[in-house]
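Summary of the model geometry
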Amino acid sequence: DETHNNNNNNTDTPATKGKKTKQQKTKKQIAVAKPTKRGKGGKNKKGSKNNLQKEEEEEDYDDILESAEFIITDKQQYNPNNPFTPIQKAMDPIWNSTEGILLKRTCAVMFLLVGYFMAHSFVDYSWRLSKELSHPSIIVPARTRQGQIIRVDDYREAYWWLRDNTPADARILAWWDYGYQITAIANRTTIADGNTWNHEHIALLGKCLTASLQEGYDIARHLADYVLIWAGGGGDDLAKSPHLARIANSVYRDHCPKGDTTCRAFGFLDRQGTASPMMERSLLYQLHGHALRPGVKVSDQLFVPVYQSKYGKVRIYKIQNVDQESKAWVANPNHRVCDVPGSWFCPGRYPPGLSDILSKSTAFAQLEDFNRAGGEDKQYQKDYFDALNDPHKARDRALQRERAAARLKEKHMSSSSSSSSNYNAAANNNNNNKASSQ
């Protein structure tokens, strides 16, 4: 009704059309909120208007409509407290333009297509992974260089060999990853397994495997009868060995060169698998490459190879001259410490033959070990994480120390050999003088 009355009482001329009062504009804005259809009731009682008046009225109506829409939109979308409101106001005309709408629709289609192909790839990958995980972890499919698909059963066969060819009381020295498999399949005692929570014990095992051949042998002969290693490339023991050396150095701080807390001196020098001097000297490297790598051959007075799997994934060595006193001492129930008399929980203890090596250990402290009273590990932990933050710099420093130590050793050996040659020459001269006098 109000709209109808305004239209009937509208006597403004085109000259005064733009001079409407604020109150009239507000009324029109309110009226636009619920516009009425222009039927018979919208016609002027005096008759139809001319074309010019109709065009002006339609333009005025459109202006009011745009003004009202802007007010409503501004109240709904723009928050005056939002610091990004100016950016939003600047971008809205772009997004609401024809090109912006086309761009948004194109992006939506692209996202749907990418999501579809990614989902299809994920489903395919899930099915392939489920098929691979369905195989037992120690029996794996592989492909030869000729493209033939084979079944690699080296690990299980190696454990069966231990079961069938070693004494029932044989002890197997291997990295803890294979402890459960050796116990369950080979039915033999292993030095460590996945339930070994004693970090110091794992560090001793890592020291035995990554120390020099002679030092590793001196430890192994007090702990075990056989050594089992995973070989054949991939994730074998040699690939893991830098981690083993780091664990060993966390307890035996003289295992790696001084200042090399992350044991960067032990590892590969390039992508071709060139071993560092410290790695080349290690027991693990020597047993891993025995009779396979040029110049690598282990003395049969220390270790004797007794088994190699079909595809070379597992190698087993018998330790020579096992310390029988240490073996008997460890097996003696009186040397075990039980939590209560008659309990099954009776952790063993190391034999006296390892006392010299164990005396060089430092009890490892975790960062979350809040109950530890002393702070002697703070500097070690600081150096350790500094080296982790810049591994390349740590490795370069470690190799420099390694080369300097090697040069010093060569110099010492050359001086010793020259002194020995001088001594021999002097002895020969004395002998010659005696012979001439006679």
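Refer to the structure printed above.
What comes next is a walk through the structure. (Residues numbered from 1 in each chain as written. Predicted model: local features only at pLDDT ≥ 70, side-chain atom pairs only at ≥ 80, totals over all residues. Heavy atoms only, no water.)

Here we look at the overall build of the protein chain
Looking only at helices and strands, the protein chain has 16 helices and 7 strands in total. For the protein chain, the proportion of contacts with a sequence separation of at least 24, taken over those separated by at least 6, is 60%. Only carbon and sulfur atoms are counted for the fraction: they give 55% of the accessible area of the protein chain, which is about 29,500 Å². (Helix = DSSP H or I, 4+ residues; strand = E, 2+ residues; numbered from the N terminus. Contact = heavy atoms within 4.5 Å. Areas by Shrake-Rupley, 256 points an atom, 1.4 Å probe, with all protein chains shown as cover.)

Here's the deal with the layout of surface pockets
Here the largest pocket defines a volume of roughly 1,200 Å³. Lining the largest pocket are 27 residues, with Thr190, Ile191, Cys346, Pro347 and Gly348 positioned closest to its centre. Looking at the lining of the largest pocket element by element, the count peaks at 4 residues for helix α13 (residues 324-331). The class makeup of the residues in the lining of the largest pocket is 13 nonpolar, 8 polar and 6 charged. (1 Å grid on protein atoms, 1.4 Å probe; cavity = no way out; pocket = protein on both sides within 12 Å on 5 of 7 lines; lining within 4 Å. Points joined across faces, edges and corners; volume = space filled by probe spheres on them. Nonpolar A, V, L, I, M, F, W, Y, C, P; charged D, E, K, R; others polar.)

Regarding the packing of helix α6 (residues 154-165) against helix α7 (residues 179-186)
For the pair α6 and α7, interaxial distance at closest approach is 9 Å and the crossing angle is 55°. The angle between α6 and α7 places the two elements in the oblique class. Helix-helix and strand crossings are classified by hand; for α6 and α7 the assignment is right-handed. On α7, the residues touching Arg156, Tyr159, Trp160, Leu162 and Arg163 of α6 are Gln181, Ile182, Ile185 and Ala186. (Axes fitted to C-alpha atoms, helices over the stretch in contact; angles between N-to-C directions. Parallel < 35°, antiparallel > 145°, perpendicular 65-115°, else oblique. Left-handed = near helix turned anticlockwise from the far one by under 90°.)

Some thoughts on the nonpolar core
The biggest cluster of nonpolar side chains holds 52 residues, and the ones touching the most others in it are Leu173, Leu228, Phe303 and Ile316. Top element by residues in this core is helix α8 (residues 199-210). It accounts for 6 residues. Judged by nonpolar contacts, the second largest core, of 12 residues, contains Ala245, Cys263, Phe266 and Ala398. (Core = buried A, V, L, I, M, F, W, Y, C linked by side-chain atoms within 4.5 Å. Buried < 20%, exposed > 50% of the residue type's maximum accessible area, 1.4 Å probe, protein only.)

Quick word on the state of the cysteines
For the structure shown, the criterion picks out 2 disulfides. Through a disulfide, cysteine 256 is tied to cysteine 263; the S-S separation comes to 1.7 Å. One disulfide, between cysteine 256 and cysteine 263, carries an S-S torsion of -75° and so falls in the left-handed class. You'll find cysteine 256 and cysteine 263 in the same group, each marked buried. Disulfide partner of cysteine 338: cysteine 346, at an S-S distance of 2.0 Å. Every disulfide takes its handedness from the sign of the S-S torsion; for cysteine 338 and cysteine 346 that torsion is 105°, giving right-handed. Accessibility expressed as a relative area gives 33% for cysteine 338, which makes it partly exposed. Regarding the disulfides, the protein chain carries the connectivity 1-2, 3-4 under sequence-order numbering of its bonded cysteines. (Disulfide = S-S within 2.5 Å.)

Quick look at the pairing of strand β6 (residues 303-308)
Direction of pairing for β6 relative to strand β7 (residues 314-319): antiparallel, over a ladder of 5 bridges. Directly across from proline 305, in β7, lies its bridge partner tyrosine 317. The hairpin formed by β6 and β7 contains 5 residues between the paired strands, and glycine 312 there has a positive phi angle of roughly 75°. (Pairing = 2+ DSSP bridges.)

What about α6?
Across its 12 residues, α6 extends 16 Å between first and last C-alpha, which sits within 8% of the 16 Å expected from 1.5 Å per residue. Taken residue by residue, α6 has Asp154, Tyr155, Ala158, Tyr159, Trp161 and Leu162 as its buried positions. Looking straight down α6, one finds its buried side chains confined to an arc of 150°; they lie on one side. Packing partners of the buried residues in α6 comprise β2 (149-152), β3 (171-173), α7, β5 (226-230), β6 and β7. (Expected span 1.5 Å × (residues − 1). Arc of directions from axis to C-beta.)

Topic: the packing of aromatic side chains
Following the criterion strictly, the structure yields 7 aromatic pairs and no others. Ring geometry for tyrosine 178 against tryptophan 230: centres 4.1 Å apart, planes inclined by 15°, an arrangement best described as stacked. One end of the pair, tyrosine 178, is in the loop between β3 and α7; the other, tryptophan 230, is in strand β5, with 52 residues separating them in the sequence. In this pair, the class of tyrosine 178 matches that of tryptophan 230, namely buried. Seen in terms of ring centroids, tyrosine 384 and phenylalanine 385 are 5.6 Å apart; in terms of plane orientation they differ by 90°. Their pairing is edge-to-face. Taking relative accessible area as the criterion, tyrosine 384 reaches 21% and is therefore assigned partly exposed. Overall, phenylalanine 385 belongs to the partly exposed group, its relative accessible area being 38%. Linked through ring pairs, Tyr155, Tyr178 and Trp230 together constitute an aromatic cluster. (Phe/Tyr/Trp six-rings, centres within 6.5 Å; stacked < 30°, edge-to-face > 60°.)

Things to note about the sheet that holds strand β4 (residues 189-190)
Ordered in space as β4-β3-β5-β7-β6, the 5 strands form an open sheet in which the pairing is mixed. Only two strands of the sheet have a single neighbouring strand rather than two, namely β4 and β6. In this sheet, β5 lies alongside β3 in parallel orientation, the contact comprising 2 bridges. When the sheet's bridge partners are listed, isoleucine 172 is paired in β5 with tyrosine 226.

Section: unusual backbone geometry
You will see that asparagine 187, though not glycine, has its phi angle at about 55°, which is positive. Relative to the helices and strands, asparagine 187 is located in the loop between α7 and β4. A relative accessible area of 56% means that asparagine 187 is categorised as exposed.

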